[in-house]
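# Understanding the architecture of this molecule
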Amino acid sequence: MSEDLGGFVIGYVPAGVDGEVSDFASEWEGVRFRTRVWERQVAEGWRVDLRVHVLRGGRLGTLDELRDFLADYHERDAATWPLTEFTEGDVTGLVGGGEAFRLVEPGVAVDVRADPERVPESELRAVAAGVRPVAAAPEPAAD
């Protein structure tokens, strides 16, 4: 697994999210996904604690179009999906029901999903805001 996820770095992962980390690439309805998943073994098998998706596709032109795409992808009703707008630093997005997402630029988005019992909404917003293009990632501090 590389640190780069589809041209982005994940700047923040909440404490307690660890275990096996895997990267995947997929496509659905003309949108390409690059996904990183954190999962841990439990008595019943495996449980996913956190997913970070970088999405690319022409149909993701606005935050409303992103919301509609994700509602369709998750088989939800966009009109009744309980989302609230959030601002974290210079990032604005939508959050609710264990998911936070934002439009990085037209055609490029970040979607973060987590187990709400393990990752509170404030942490979910911080993860979504911390996913940045590789070129915009801060330089590590010198020792």
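Within every chain, residues take consecutive numbers counted from 1 along the sequence as written. Reporting in this predicted model follows two pLDDT cut-offs: at least 70 for local features of residues, and 80 or more for side-chain atom pairs to be given and counted; totals over whole chains, interfaces and linings ignore these cut-offs and use all residues. Water and hydrogen atoms were dropped before computing side-chain values, which therefore reflect all heavy atoms in the structure.

Note that an α-helix has 3.6 residues per turn; residues three or four places apart therefore point the same way. Exposure is judged per residue with a 1.4 Å probe applied to protein chains only, and the accessible area is read against the type maximum: over 50% gives exposed, under 20% gives buried, and values in between give partly exposed. Secondary structure counts use DSSP, requiring at least four H or I residues in a row for a helix and at least two E residues in a row for a strand, with both numbered from the N terminus. When helix H1 (residues 63–73) is considered as a whole, its buried residues turn out to be Leu 66, Phe 69, Leu 70 and Ala 71. Working rule for contacts: check all heavy atoms of both residues, and any pair within 4.5 Å makes them a contact. In this structure, the buried side of H1 is in contact with strand E2 (20–28), strand E3 (31–42), strand E4 (45–56), strand E7 (99–105) and strand E8 (108–114). Downstream of H1 by a residue or two, Glu 75 has a phi angle that is positive, lying close to 60°.

Our next topic: the sheet that holds E7. Note on pairing: DSSP must find at least two bridges between two strands before they are called paired. The sheet built from seven strands is open, its strands ordered E2-E3-E4-E8-E7-E6-E5 with antiparallel pairing. Across the chains shown, the open sheet's two edge strands, defined by having one partner strand only, are E2 and strand E5 (84–88). Across the sheet, the axes of successive neighbouring strands diverge by a mean angle of 25°, strand direction being ignored. With five bridges joining them, E5 and strand E6 (residues 91–96) adopt antiparallel strand pairing. Bridging from a neighbouring strand, Thr 87 pairs with Thr 92 of E6. Docked against the sheet, H1 engages E2, E3, E4, E6, E7 and E8, running at close to 135° with respect to E7. Under this scheme, a helix contributes an axis fitted over its contacting stretch, all axes are lines through C-alpha atoms, and angles between N-to-C directions fall in the 0 to 180 degree range.

So, on to the pattern of salt bridges. Where side chains of opposite charge bring their charged atoms close, a pairing between them can arise. Each salt bridge in this description consists of a side-chain nitrogen of Lys or Arg and a carboxyl oxygen of Asp or Glu lying within 4 Å of one another. According to the stated counting rule, one finds eleven salt bridges in the structure shown. Here Asp 49 and Arg 40 are joined by a salt bridge, their closest N and O atoms 2.8 Å apart. Like Asp 49, the residue Arg 40 is buried in the burial classification. Each of the salt bridges in this network shares a partner with another, and the network as a whole consists of Arg 40, Asp 49 and Arg 118.

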